[in-house]
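# Overview (structure and organization)
The chain contents come next:
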Amino acid sequence: MTSESGKGSATGRTQGELVRSIDWRGAFWVASGVPALVLFSIGGIAGTVGNVAFAIWGVSMMMGFIQSFTYAEIAGLFPNKSGGASVYGAAAWLKYGKFIAPLSVWCNWIAWTPVLSLGSAIAAGYILNAMEPAPSADAIQAAISAAAASGQVIDEATAIASLMPIHGWTLLTVDLGIVSMSINWTFFIGALLMLLAFAIQHRGILGTAKVQMVVGLVIVITLFVIGVVPFFNGNFNADNFAPFVPLAAPYAPEPGAWNIAGWTLVLGGMFIAAWSTYGFETAICYTSEFKNPETDTFKAIFYSGLLCLVLFILVPITFQGYLGLEGMLGAGIVDGSGVADAMAHMVGGGALSALFVFLIIGSLVLIIITAMAGSSRTLYQGSVDGWLPRYLGGVNHNGAPTSAMWTDLGFNLILLAIAATDATAYFFILAVSNCGYIIFNFLNLNAGWIHRMDAGHVKRPFKAPTIVLAAGTVLAFVNAVFMGAGAKVWNPHALWYGLGAAALIIPVFAFRHYVQDKGKFPERMLADLGVKDSNDLGQRRAGILPYVTLIAGVAVVLISNYVFTG
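No experiment lies behind these values; they were computed from the predicted model shown.

### Focus on the overall build of the protein chain
From N to C terminus, the protein chain includes 23 helices and two strands. Relative to the 2.2 N^0.38 estimate, which gives 24 Å for 566 residues, the radius of gyration of the protein chain is 24 Å and therefore close to what a compact globule would have. Its C-alpha atoms give the protein chain principal-axis dimensions of roughly 85 × 50 × 50 Å. Put simply, the protein chain has 566 residues, and 60% of those count as buried. Relative to all contacts within the protein chain whose residues are 6 or more apart in sequence, the contacts with residues 24 or more apart total 81%. Carbon and sulfur atoms make up 68% of the accessible area of the protein chain, which totals about 20,700 Å². Here the protein chain contributes 25 positive and 27 negative side-chain charges, whose respective centroids are spaced 19 Å apart.

### Quick word on the pattern of salt bridges
On inspection of all chains with the given rule, the structure shows five salt bridges. As a salt-bridge pair, Glu 73 and Arg 460 come within 2.9 Å of each other at their nearest N and O atoms. One end of the pair, Glu 73, is in helix α3 (residues 53-76); the other, Arg 460, is in the loop between α18 (423-454) and α19 (466-490), and 387 residues separate them in sequence. Classification of Glu 73 by relative accessible area gives buried; the value is 1%. One network of salt bridges, with partners in common, ties together Glu 73, Arg 452 and Arg 460.

### Some words on the packing of helix α5 (residues 100-112) against helix α6 (residues 114-131)
Their axes nearest at 5 Å, the elements α5 and α6 cross at an angle of 5°. Taken as axis vectors, α5 and α6 run roughly parallel relative to one another. Here Trp 109, Ile 110, Ala 111 and Trp 112 of α5 lie close against α6, whose contacting residues are Pro 114, Val 115 and Leu 116. In terms of residue class, the contact of α5 with α6 is built from seven nonpolar, no polar and no charged.

### Some details on the nonpolar core
Grouped together as the largest cluster of nonpolar side chains are 180 residues, with contacts concentrated most on Leu 37, Phe 40, Ile 45, Phe 271, Phe 319, Met 343 and Trp 387. The dominant element in this core, judged by the number of residues it contributes, is α18, at 19 residues. Beyond its immediate stretch of four places on either side in the chain, Phe 319 contacts Ile 42, Ile 333, Val 339, Ala 342, Met 343 and Met 346.

### Comments concerning the environment of Val 508
Checked against the element boundaries, Val 508 lands in helix α21 (residues 505-516). Ignoring anything within four residues of it in the chain, the contact list for Val 508 reads Trp 106, Trp 387, Leu 388 and Pro 389.

### A word on the side chain of Asn 441
Relative to the elements of secondary structure, Asn 441 occurs in helix α18. Ignoring sequence-local partners within four residues, the contact set of Asn 441 consists of Gln 67, Tyr 71, Tyr 278 and Asn 479.

### Re helix α13 (residues 293-328)
Compared with the 52 Å implied by 1.5 Å per residue over 36 residues, the 43 Å span of α13 between its first and last C-alpha is markedly short. The largest bend in α13 comes to about 65°, at Tyr 322.

### Quick word on the packing of aromatic side chains
Each aromatic ring pair is summarised here by two numbers: the centre-to-centre distance and the angle between the ring planes. Counting across every chain of the model gives 38 aromatic pairs. With a centroid separation of 4.4 Å and 45° between ring planes, the pair formed by Phe 198 and Trp 406 is classed as tilted. With a gap of 208 residues between them, Phe 198 in helix α10 (residues 185-201) and Trp 406 in helix α17 (residues 402-419) connect regions that are remote in the sequence. Classification of Phe 198 as buried rests on a relative accessible area of 7%. Joined through ring pairs, the aromatic side chains of Trp 24, Phe 28, Phe 65, Phe 69, Phe 298, Phe 302, Tyr 303 and Phe 462 make up one cluster.

### Re helix α15 (residues 339-347)
The element α15 is largely enclosed, with a buried count of seven among its nine residues. Downstream of α15 by one or two residues, Gly 349 has phi in the positive range, about 105°.

### A short note on the side chain of Arg 512
In this fold, Arg 512 is placed in helix α21. Exposure remark for Arg 512: the relative accessible area of 4% places this residue in the buried category. In this structure the side chain of Arg 512 is engaged in a polar contact, spanning 2.8 Å, whose partner is the side chain of Asp 517. Beyond its immediate stretch of four places on either side in the chain, Arg 512 contacts Ser 383, Gly 386, Trp 387, Leu 388, Pro 389, Arg 390, Asp 517 and Pro 522.

### Re the confidence of the model for the protein chain
Residues with a pLDDT of 70 or more make up 94% of the protein chain, whose mean pLDDT is 87. Across residues 2-15, confidence stays below pLDDT 50; counting only partners more than four residues off in sequence or on other chains, it has 35 contacts.

### Concerning the state of the cysteines
In this structure the tally under the stated criterion is zero disulfides. As a non-bridged cysteine, Cys 435 has Cys 107 as the owner of its nearest cysteine sulfur, 9.4 Å distant. With relative accessibility at 0%, the residue Cys 435 sits in the buried group.

### Observations regarding the pairing of strand β1 (residues 170-175)
In this sheet, strand β2 (residues 180-184) lies alongside β1 in antiparallel orientation, the contact comprising five bridges. Paired with Leu 172 across the strands is Ile 183, a residue of β2. Count of turn residues in the β1/β2 antiparallel hairpin: four residues, of which Gly 177 carries a positive phi of about 100°.

### Concerning the packing of α6 against helix α16 (residues 353-384)
At a minimum axis distance of 9 Å, the contact between α6 and α16 shows a crossing angle of 165°. What the angle tells us is that α6 and α16 run roughly antiparallel. The crossing of α6 and α16 is left-handed. Judged by residue contacts, Val 115, Leu 116, Gly 119, Ser 120, Ile 122, Ala 123, Tyr 126 and Ile 127 of α6 engage Val 357, Ile 360, Ile 361, Leu 364, Ile 367, Ile 368, Ala 371, Met 372 and Ser 375 from α16. Looking at side-chain class alone, the contact of α6 with α16 contains 14 nonpolar, three polar and no charged residues.

### A few points about the environment of Met 194
When you line up the elements, Met 194 lands in helix α10. For the pair Met 194 and Ala 464, spaced 270 residues apart in sequence, the C-alpha to C-alpha distance is 37 Å. Leaving out residues up to four positions away in the same chain, Met 194 has contacts with Leu 116, Ser 117, Ser 120, Met 372, Leu 409, Asn 412, Leu 413 and Leu 416.

### Describing a nonpolar patch on the surface
The grouping of Trp 169, Leu 171, Leu 172, Val 174, Leu 176, Trp 185 and Phe 188 at the surface amounts to a nonpolar patch, some 640 Å² of accessible area in total. Among the secondary structure elements, those contributing two or more residues to the nonpolar patch are β1 and α10. The element contributing the most residues to the nonpolar patch is β1, with three residues. Within the element layout of this structure, Val 174 appears in strand β1. Take Val 174: its relative accessible area is 35%, and that puts it in the partly exposed class.

Rules and cut-offs
- Residues numbered from 1 in each chain as written.
- Predicted model: local features only at pLDDT ≥ 70, side-chain atom pairs only at ≥ 80, totals over all residues.
- Heavy atoms only, no water.
- Helix = DSSP H or I, 4+ residues; strand = E, 2+ residues; numbered from the N terminus.
- Rg over C-alpha atoms; globule rule 2.2 N^0.38 Å.
- Buried < 20%, exposed > 50% of the residue type's maximum accessible area, 1.4 Å probe, protein only.
- Contact = heavy atoms within 4.5 Å.
- Areas by Shrake-Rupley, 256 points an atom, 1.4 Å probe, with all protein chains shown as cover.
- Lys, Arg positive; Asp, Glu negative; His and termini not counted.
- Charge placed at Lys NZ, Arg CZ, Asp CG, Glu CD.
- Salt bridge = Lys/Arg side-chain N within 4 Å of Asp/Glu carboxyl O.
- Axes fitted to C-alpha atoms, helices over the stretch in contact; angles between N-to-C directions.
- Parallel < 35°, antiparallel > 145°, perpendicular 65-115°, else oblique.
- Nonpolar A, V, L, I, M, F, W, Y, C, P; charged D, E, K, R; others polar.
- Core = buried A, V, L, I, M, F, W, Y, C linked by side-chain atoms within 4.5 Å.
- Expected span 1.5 Å × (residues − 1).
- Bend = angle between axes of the 7 residues up to and from the residue.
- Phe/Tyr/Trp six-rings, centres within 6.5 Å; stacked < 30°, edge-to-face > 60°.
- Polar contact = N/O pair within 3.5 Å; in protein donor to acceptor, adjacent residues only side chain to side chain.
- pLDDT = per-residue confidence, 0-100.
- Disulfide = S-S within 2.5 Å.
- Pairing = 2+ DSSP bridges.
- Left-handed = near helix turned anticlockwise from the far one by under 90°.
- Patch = residues over 30% accessible without salt bridge, like charges linked within 9 Å, V, L, I, M, F, W, Y side chains within 5 Å.

Here it is as structure tokens:
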């Protein structure tokens, strides 16, 4: 394991590698899209748990902030790596099992990459609504009357469909059983947005950071305004937080109780919120692109965390304070299509709706760029380190990992066709993806103490307080409860499909390691670990503790899944 500062040169180390061209501010602005993740599930969580929603966002964000100190420490151990916490954590698990280490990298990727398709689907929905607004009640009645005059009898849904042909147009639909795939206008618009993100990424991390700084500043200010103004303009009602109990059933206004059913919904909310609130750890995906990783790494994740801490707490509070339970259960809020209009009314009335639609689309494009930047570098570094196929290690003349970016794009076109179907498919993808994210977090939070035991002698630019490192370890098991109990709230099969998606790393890694590399790890990866032989990866000072941890984690997931009812 290297203890070099890894400052490198401003133009990178060698041809074909990522380029050291940004400081922590660049990573901060690339990660500034993360607060926009609140838009992905604020309606879904509100509709699932009711008045408890604001607390779920706050608690989840605090957990993410505590966990980030572990990630900041292990990132500092590898100044020449990119790809984020999963890569740094994989190095801790390697000597305890060849197939455990790549699981961390793989799960991080399957967690982050769907942001491209899900964000594009939401943004496409807003663009479609701007192109073809929902018809008025008078227009719907006129369509029904016109049909009756011609001898036809149609219901309201059919009348709406006739007045919104763009929304209803579908080129192709394929039934896959648990979900369907649709090639429609949502798909085509979403694909164009992903291509826009790709074009921006193609310029390299410095060019990406410059674009993100401009767009990110506008979006961050917008979210801050949404989080503050309702307190002063009379659009905040403190009564909207009582009674402080979960719903009796999702998407129904009747209050429930703090019983097994209620806690199941709360854990489901905590499960899906983690996918958003923990996301600022992407700020350390760019360690090998920092001009001075020794100081930039901690600053990037710490200040990104502070930004998210403010916005992920403020926005859900004012959102709930304005809408109340009935408002949060509205169809447009739950499926996300009415969030922009609600936020416009929160701060200044319906006249601002068009502006907020534009700003939210900008927010979604911002997080799409953030996700492509982070997830493509996870694929890139996974290839460099010998976990994933070799072709993913290719970069262009700007130092952008284009081979990984094309893979991201192609995979997400498939997911976009699924997400374009309906909200059920959207949340299915989100839940399956988040199973990977919880697995990644579990492995990497425990990687903190494994690195302490196995590499305590290596210089750490930042060393987390031991009590914070221990808290992160405890939270790893809390996250396991969220996954075991909460995934099925969103889809009864989500947990099992999520575990299946994670298991796909077995054939992928086997192909790379045993077919492409003939059972040997790349020299560069071994050099980062401070070893010279694939058969001697260093002393395992942690003994059986990592294996006990894995068994305990699996047990917590299964027990939680059994105890808490969906």
